[in-house]
Amino acid sequence: MTELLTDQLRLMARRHPDEIGYRNLDADTALTFARWDGDSNRLARGLAGAGVAKGDRVSIYLPNEEVLHWVVAYAAVHKAGAVAVPTNTRLTAAETSTILGHAEASAAVTCASHLDALAAARRSVPSLGLVVSTDGDGGAARPVPGVVPWESVAADDAGDFQVDLEPDDLADIMYTSGTTGSPKGVVVRHRNASLLPNSDPPWTGTAWLHGSPLFTFAGISFVYNPMKLGKSAFFLPRFDAGRWLEVVATERPEAVFIVPAMAQLILGHPDFETADLSSIQLCSLGSAPVSAAVLRRLQERMPDATSSNGYGMTEAGPAYCAMPKDEAWRRAGSVGKPMPPMEVRVTAEPGRDLPAGAVGEVLIRLAGRQREYYRDPEATARTWTDGWLRTGDLGRLDEDGYLYIVGRTKEVIIRGGHNIYATDVENALLEHAAVAEAAVVGVPHDVLGEDLAAFVVIAAGQALDVEQLRAFLLERLADYKVPRRVTFVEQLPRNATGKVLKHELQAGRWTPSTR
Ligand code: AMP
């Protein structure tokens, strides 16, 4: 038996039954630890009774507004010994069914507003037998076949329930991209699920505020981390900079987490200079690069708080870099130091260590706690070599071992905190009969951090306009993956081996077609 995430919840329910574990600030609803623990015991018993067995994959397909059901379902899946598949509800039916098919999910937890989307995805996922809906069929005129209301699945008995689990048993599969061809599901085992060790913290009476969807690496870390520090988690389902400033002033959270795109919007808000931010002791950022200027303005507005940008990734899980409190000012642009016993190297091909200051690929190791890709041994072998995780990020270390991330070797475009893989968008573009060639690159964007720019070569004898192409893509891709900037070109710049020279496209050195 290993230390489980759900052990932490059981402990909190015993020690602090009436404190708020999670709060939805838009709906003004909240879960106490006793309720969270009890409700998840009820659902876990019910899932097990409905045939969900140890190791079965269960999709959590709930939008941000359903955050309280989300965290209860997540605990219930683990208590039933099953494997959670936190699923992005903004993906298209095709993307969702690719993921659920790859995971061979046998059950899903959703809500009435998302039943149609799940039903469309479900047609090509024969394994998916049980669909639990938080609010049944939402009062649909005709009953939706195969959907069971949460309350009728959940057992009456709210007493402790936990299927025995071993450290190597799977806890989650986290999909890092909604690809049509090759989804990458990061395997999270119970031994490497925790980002912070379980603890019995003194109750602080304060909160950690965030608004990251729980299916993301950042979001999922905010299910259990706040309670491990003796705090409530406060969640804003829809981010709005003005509302965020207002919530900070009225709710007085001690810690906040924002992604860089949110930081940009907060800084640009007319109330930023005057809002009461005095409660904040920790302003943590992460998920994407943050400019030193943005960080400095946050630090100036909150001189007593630690404002810093932490570096992590789904594949690395509990291995991440964080900035010590008194270094944040001095090391502008750094993501901090590796948290021991994690190790970091910066290397040049073929695995040669580079001296301080030189830029190369960032490699990470956390012995005994590495992750891998689900059902993809080749991708796993390519990504974890000789015990080291190849992050695909470019960075440098300074003389004191502080890490600076400068770019990416892999083509992930992070648009407003969402990871978009250029190849996903290129593949969808290439499905159009009039598209001969396509390349997608990330370009800087003031608010989103990065935006997509697509370069398309139209097939001979064909005609196509941007609106037609966007409409075509919207049927295949989540809306945030559809490029707003599309340039038609005569040909793509390529190197001698035929690889597209994306940096030329990014630098704007490629001219539009005259057609
Ligand atoms: P994800 O697994 O979705 O969290 O994405 C991980 C990737 O996000 C990393 O490989 C980096 O490319 C990027 N990333 C995360 N945190 C930072 C950061 N603090 N600075 C720069 N890039 C980051």
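None of the values given here were measured: they were computed from a predicted structure.

Examining the overall build of the chain
Right, so step 1: A count of helices and strands for the chain gives 14 helices and 28 strands.
Right, so step 2: At 23 Å, the chain has a C-alpha radius of gyration in line with the 24 Å of a compact globule built from 515 residues.
Right, so step 3: Principal axes of the C-alpha set define a box for the chain whose edges measure 70 × 60 × 50 Å.
Right, so step 4: Every one of the 515 residues in the chain was classed for burial, and the buried ones make up 56%.

Regarding the packing of helix α1 (residues 5-15) against helix α2 (residues 33-49)
Right, so step 1: α2 packs onto α1 with a crossing angle of 130 degrees between their chain directions and a minimal axis gap of 8 Å. By the criterion of interaxial angle, the relationship of α1 to α2 is oblique. Note on packing geometry: the crossing formed by α1 with α2 is left-handed. Where α1 abuts α2, its residues L9, R10, M12 and A13 lie against F33, A34, W36, D37 and S40.
Right, so step 2: In terms of residue class, the contact of α1 with α2 is built from six nonpolar, one polar and two charged.

Side note on the domain arrangement of the chain
Right, so step 1: Each domain of the chain was delimited in the assignment, giving domain 1 (5-13 + 27-192), domain 2 (339-401) and domain 3 (409-506).
Right, so step 2: For domain 2 and domain 3, the distance between their C-alpha centroids amounts to 29 Å.

Looking at the sheet that holds strand β11 (residues 232-235)
Right, so step 1: If you trace the seven strands from one edge of the open sheet to the other, you get β2-β1-β11-β10-β12-β13-β14, paired in mixed fashion. Either end of the sheet is taken by a strand with one partner, and the two such strands are β2 (29-32) and β14 (306-310). For this sheet, the mean inter-axis angle between neighbouring strands, taken without regard to orientation, is 15 degrees.
Right, so step 2: Two elements, strand β10 (residues 207-210) and β11, share four bridges in a ladder whose sense is parallel.

Here we look at the site of the ligand
Right, so step 1: Surveying the vicinity of the ligand reveals 17 residues, the closest of which are N309, G310, T314, D393 and N419.
Right, so step 2: Within the contact set of the ligand, a nitrogen atom lies 3.1 Å away from a side-chain nitrogen or oxygen of N309.
Right, so step 3: A distance of 2.6 Å is found between an oxygen atom of the ligand and a side-chain nitrogen or oxygen belonging to T314.
Right, so step 4: Summarising the interface, the protein chains cover 92% of the accessible area of the ligand, which totals 490 Å² for the free molecule.
Right, so step 5: For the shell around the ligand, the secondary structure elements donating two or more residues are β14 and β23 (403-408).
Right, so step 6: In terms of residue class, the shell around the ligand is made up of eight nonpolar, six polar and three charged.

Notes on the environment of L25
Right, so step 1: Tracing the backbone through its elements, the reader meets L25 in the loop between β1 (20-24) and β2.
Right, so step 2: Expressed as a C-alpha distance, the spacing of L25 and R57, which sit 32 residues apart in the sequence, is 30 Å.
Right, so step 3: Those residues in contact with L25, other than ones at most four positions away along the chain, are L209, F234, F235, L236, R243, V247 and E251.

Here's the deal with the pairing of strand β5 (residues 107-110)
Right, so step 1: Where burial is concerned, the two faces of β5 agree: the one with A107 and V109 and the one with A108 and T110 are both buried.
Right, so step 2: Direction of pairing for strand β3 (residues 57-60) relative to β5: parallel, over a ladder of three bridges. Within β5, the residue paired with V58 across the bridge is A107.
Right, so step 3: Strand direction decides the pairing type here: β5 and strand β6 (residues 130-133), joined by four bridges, are parallel. The residue of β6 that forms the bridge with A108 is V131.
Right, so step 4: In terms of handedness, the path from β5 via helix α5 (residues 115-122) over to β6 forms a crossover that is right-handed.

Details of the state of the cysteines
Right, so step 1: Throughout the structure, instances matching the rule amount to zero disulfides.
Right, so step 2: Free of any disulfide, C283 has its nearest neighbouring cysteine sulfur in C321, separated by 18 Å.
Right, so step 3: Given a relative accessible area of 0%, C283 falls into the buried group.

Points about the packing of aromatic side chains
Right, so step 1: For the structure shown, the criterion picks out nine aromatic pairs.
Right, so step 2: Seen in terms of ring centroids, F33 and W203 are 5.6 Å apart; in terms of plane orientation they differ by 90 degrees. Their pairing is edge-to-face. Separated by 170 residues along the polypeptide, F33 in helix α2 and W203 in the loop between β9 (185-189) and β10 bring together distant segments of the chain.
Right, so step 3: Since its relative accessible area comes to 0%, F33 is described here as buried.
Right, so step 4: Their ring planes at 40 degrees and their centres at 5.1 Å tell us that F222 and F257 sit as a pair that is tilted. Taken together, the residues F222 in helix α7 (residues 217-228) and F257 in strand β12 (residues 255-258) connect sequence positions 35 residues apart. Each member of the pair, F222 as well as F257, carries the same accessibility label: buried.
Right, so step 5: One residue, K184, lies across the ring of Y373, its end atom 5.6 Å from the ring centre.
Right, so step 6: For the cation-ring pair, R476 lies above F472, with the distance from its terminal atom to the ring centre recorded as 3.6 Å.

Conventions used here
- Residues numbered from 1 in each chain as written.
- Predicted model: local features only at pLDDT ≥ 70, side-chain atom pairs only at ≥ 80, totals over all residues.
- Heavy atoms only, no water.
- Helix = DSSP H or I, 4+ residues; strand = E, 2+ residues; numbered from the N terminus.
- Rg over C-alpha atoms; globule rule 2.2 N^0.38 Å.
- Buried < 20%, exposed > 50% of the residue type's maximum accessible area, 1.4 Å probe, protein only.
- Axes fitted to C-alpha atoms, helices over the stretch in contact; angles between N-to-C directions.
- Parallel < 35°, antiparallel > 145°, perpendicular 65-115°, else oblique.
- Left-handed = near helix turned anticlockwise from the far one by under 90°.
- Contact = heavy atoms within 4.5 Å.
- Nonpolar A, V, L, I, M, F, W, Y, C, P; charged D, E, K, R; others polar.
- Domains from an automatic or database assignment.
- Pairing = 2+ DSSP bridges.
- Near = heavy atom within 4 Å.
- Polar contact = N/O pair within 3.5 Å; in protein donor to acceptor, adjacent residues only side chain to side chain.
- Areas by Shrake-Rupley, 256 points an atom, 1.4 Å probe, with all protein chains shown as cover.
- Right-handed = clockwise from strand over helix to strand, strands pointing away.
- Disulfide = S-S within 2.5 Å.
- Phe/Tyr/Trp six-rings, centres within 6.5 Å; stacked < 30°, edge-to-face > 60°.
- Lys NZ or Arg CZ within 6 Å of the ring centre and 35° of its normal.

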